[in-house]
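Given next are the chains, with one letter for each unit.
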Amino acid sequence: MINSLFKNLPDFFKILFARKRREKHILFIVQNEIMFSYIREIYEHLKDDERLRLWFYLIPAERFDAQNQDLLITRHGLRTVSKFLVKKGFWDLILLPTHYKDLRKKCKKIFIGHGLDVARPIRGEDYLFCYQARDGDNNIVYDKYFLESETMADRTRRYYPEFASRVKVVGNLHADKLVKFSSKRNEILSQNHLDPNRFTVM
């Protein structure tokens, strides 16, 4: 742990204090294994980009076993940060599939939808747009919402119009892989009246 701290000491000060820097520091906040499995898809696409330094904060929680956290860190070579740095650091971008308070207002934040919209409402509101999506001044926390479908985007515009300009439909990485890695991909798409030569968002 001490060796890891000294190894990452220059990054520690960059994240904590720096405003202008060549590399961009991106933070992923993950609450459990399911959320990690989704955010991992984004991580895999970005990890070889030399312009970026990617960091993880794995929230200690009852549903996120510490041994599983250690396994994920080792298996995927994740750089992790403490709760202190999460809250106090000047991150260039924070991506999170769960609401998390106490982040610097000036840090750009993207909420990543990570599954079908089946979460229980909070105080009668959709989990994505509930009171946790706003700060103490009632301002929307997130710069963008990445959603899985046009249906969800349309519903956002209808029921939560103040969030409409922040919504972007990006598809579902897990669902895309189900078709991509099937040996019968063309057959599956054709049976559902979809063009195999075009991108399909499920």
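See the structure printed just above.
A quick note: this is a predicted structure, and the numbers were derived from the prediction, not measured.

Asker: Let's hear about the packing of helix H3 (residues 33–46) against helix H4 (residues 66–76): which residues, and what values?
Answerer: Packed helix pairs are specified by the crossing angle of their axes together with the interaxial distance, meaning the distance between the axes. For the pair H3 and H4, the least separation of the axes is 12 Å and the interaxial angle reads 15 degrees. Relative to H4, the element H3 lies roughly parallel. Crossing of H3 over H4 shows right-handed handedness. On H4, the residues that touch Glu33, Phe36, Arg40, Tyr43 and Glu44 of H3 are Asn68, Leu72 and His76. The residue inventory of the contact of H3 with H4, partitioned by class, reads three nonpolar, two polar and three charged.

Asker: So what's going on with the side chain of His25? Which residues, and what values?
Answerer: Mapped onto the fold, His25 is located in strand E1 (residues 24–30). Within the structure, His25 has its side chain in polar contact with the side chain of Trp55 (distance 3.1 Å). Residues contacting His25, with those up to four places away along its chain left out, are Asp11, Lys14, Ile15, Arg53, Trp55, Trp91, Asp92 and Leu93.

Asker: Describe unusual backbone geometry, naming the residues involved and giving the relevant values.
Answerer: Here Asp102, not a glycine, exhibits a phi torsion of approximately 65 degrees, which is positive. Structurally, Asp102 is set in the loop between strand E3 (93–96) and strand E4 (109–112). With a phi close to 70 degrees, Asn138 is a non-glycine residue in the positive phi region. Structurally, Asn138 can be placed in the loop between E4 and strand E5 (144–147).

Asker: Quick one: what's the story with helix H6 (residues 150–159), residue by residue and with numbers?
Answerer: Taken together, the buried positions of H6 are occupied by Met152, Ala153 and Thr156. Here the buried residues of H6 occupy an arc of 100 degrees about the axis, which is enough to place them on one side. Among the exposed residues of H6, those pointing more than 90 degrees away from its buried face are Thr151 and Arg158. In this structure, the buried residues of H6 make contact with E5 and strand E6 (167–169).

Asker: Can you lay out the pattern of salt bridges for me, pointing to particular residues and giving the numbers?
Answerer: Tallied over the full model, the rule gives nine salt bridges. When the shortest N-O distance is used, the salt bridge between Arg51 and Asp49 registers 2.7 Å. Given the relative accessible area of 22%, Asp49 is considered partly exposed. With a shortest N-O distance of 3.2 Å, Glu162 and Arg134 are connected by a salt bridge. Here Glu162, found in the loop between H6 and E6, pairs with Arg134, found in the loop between E4 and E5; they are 28 residues apart in sequence, far enough to count as distant. The class of Arg134 is buried, set by a relative accessible area of 18%.

Asker: Any details on the sheet that holds E1? Residues and values, ideally.
Answerer: By definition, the strands of a sheet pair up through backbone hydrogen bonds, in either a parallel or an antiparallel sense. If you trace the six strands from one edge of the open sheet to the other, you get E2-E1-E3-E4-E5-E6, paired in parallel fashion. Strand pairing shows two members of the sheet lacking a second neighbour, strand E2 (52–58) and E6, which therefore form its edges. On average, each strand axis in the sheet is inclined to that of its neighbour by 20 degrees, with strand direction left out of account. Examined bridge by bridge, E5 and E6 share three bridges and lie parallel to one another. Counterpart to Tyr145 in the pairing with E6 is Val167. On the sheet, H3 packs against E1, E2 and E4 and is oriented at approximately 165 degrees with respect to E1. Lying over the sheet, H6 contacts E5 and E6, oriented at roughly 160 degrees with respect to E6.

What counts and what doesn't
- Throughout this document, residue positions are counted from 1 along each chain, in the order its sequence is written.
- In keeping with the predicted nature of the model, local features appear solely for residues at pLDDT of at least 70, side-chain atom pairs appear and are counted solely at 80 or more, and the whole-chain, interface and lining totals rest on all residues.
- Side-chain numbers here rest on the full set of heavy atoms in the structure, without hydrogens or water.
- Every axis corresponds to a line fitted to the C-alpha atoms, with the helix fit spanning only the stretch in contact, and the corresponding angles, defined between N-to-C directions, vary from 0 to 180 degrees.
- What counts as a helix is a DSSP run of H or I of at least four residues, what counts as a strand is a run of E of at least two, and both are numbered from the N terminus.
- Angles below 35 degrees are treated as roughly parallel, those above 145 as roughly antiparallel, those between 65 and 115 as roughly perpendicular, and all remaining angles as oblique.
- Note on convention: near helix rotated counterclockwise from far helix by under a right angle means a left-handed crossing. Clockwise means right-handed.
- Should any heavy atoms of two residues lie within 4.5 Å, those residues are considered in contact.
- Ten residues, namely Ala, Val, Leu, Ile, Met, Phe, Trp, Tyr, Cys and Pro, are considered nonpolar, four, namely Asp, Glu, Lys and Arg, are considered charged, and the remaining ones, Gly among them, are considered polar.
- As used in this structure description, the phrase polar contact means that two N or O atoms lie within 3.5 Å; if the pair is within protein, one of them must be able to donate a hydrogen and the other to accept it, and residues adjacent in sequence are counted only when both atoms belong to side chains.
- Only protein chains enter the accessibility calculation, which uses a 1.4 Å probe. A residue is then buried if its area is under 20% of the maximum for its type, exposed if over 50%, and partly exposed in between.
- This arc describes the spread of directions from the helix axis toward the C-beta atoms.
- A pair is scored as a salt bridge if a Lys or Arg side-chain nitrogen falls within 4 Å of a carboxyl oxygen belonging to Asp or Glu.
- Strands were regarded as paired on the criterion that DSSP finds at least two bridges between them.

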